[in-house]
Amino acid sequence: MPDTAHASVLEWYDTKLSEVTALVTPTLWIIGVFVVLVAYLMYRSWKKAAIAGLGMAIVIAIVNSVTGLSDMVEGEFATGAPTEHHQRA
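A. How the structure looks around the pattern of salt bridges. Using the criterion set out here, one finds 1 salt bridge in the structure. Where Glu-19 meets Lys-16, a salt bridge forms, and the shortest distance between an N and an O atom there is 3.4 Å. Linking Glu-19 with Lys-16, this pair stays in helix H1 (residues 4-43), spanning 3 residues, or about one helical turn. A relative accessible area of 40% means that Glu-19 is categorised as partly exposed.

Shown next as structure tokens:
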């Protein structure tokens, strides 16, 4: 008998993850622009501003890859789900 509770939890998780990612990604872009501007204004160096921009690009890439990682986890749940219950001897 298939366990539909796991499926509904994963669907809920997917929905919430996509909603949060849709809110966080534009916010990170705004924060990134702010960080680059502050880095330039504080140090008066384009090198430090570029390093700040690179750091924010890495953070944004990590946040955007969360959905891909969640797909991997879902695949593990789907393939690794036990089909029988083990009982103690």
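B. Structural context of the environment of Ser-65. Its place among the elements puts Ser-65 in the loop between helix H2 (46-64) and helix H3 (66-80). Look at Ser-65 and you get partly exposed, because its relative accessible area is 33%.

C. Fine view of a nonpolar patch on the surface. A surface patch of nonpolar side chains, amounting to about 310 Å² of accessible area, comprises Leu-54, Ile-58 and Ile-62. Take Leu-54: it is sitting in helix H2. For Leu-54, a relative accessible area of 54% translates into the label exposed.

D. Looking closely at the side chain of Ser-45. Within the secondary structure, Ser-45 is located in the loop between H1 and H2. There is a polar contact of 3.3 Å between the side chain of Ser-45 and the backbone nitrogen of Lys-47.

E. Representation of the environment of Asn-64. Among the secondary structure elements, Asn-64 is positioned in helix H2. Between the alpha carbons of Asn-64 and Thr-25 there is a distance of 7.4 Å; along the sequence they are 39 residues apart. Setting aside anything within four residues of it in sequence, one finds Asn-64 in contact with Thr-21 and Thr-25.

Cut-offs applied
Residues numbered from 1 in each chain as written. Predicted model: local features only at pLDDT ≥ 70, side-chain atom pairs only at ≥ 80, totals over all residues. Heavy atoms only, no water. Salt bridge = Lys/Arg side-chain N within 4 Å of Asp/Glu carboxyl O. Helix = DSSP H or I, 4+ residues; strand = E, 2+ residues; numbered from the N terminus. Buried < 20%, exposed > 50% of the residue type's maximum accessible area, 1.4 Å probe, protein only. Patch = residues over 30% accessible without salt bridge, like charges linked within 9 Å, V, L, I, M, F, W, Y side chains within 5 Å. Areas by Shrake-Rupley, 256 points an atom, 1.4 Å probe, with all protein chains shown as cover. Polar contact = N/O pair within 3.5 Å; in protein donor to acceptor, adjacent residues only side chain to side chain. Contact = heavy atoms within 4.5 Å.

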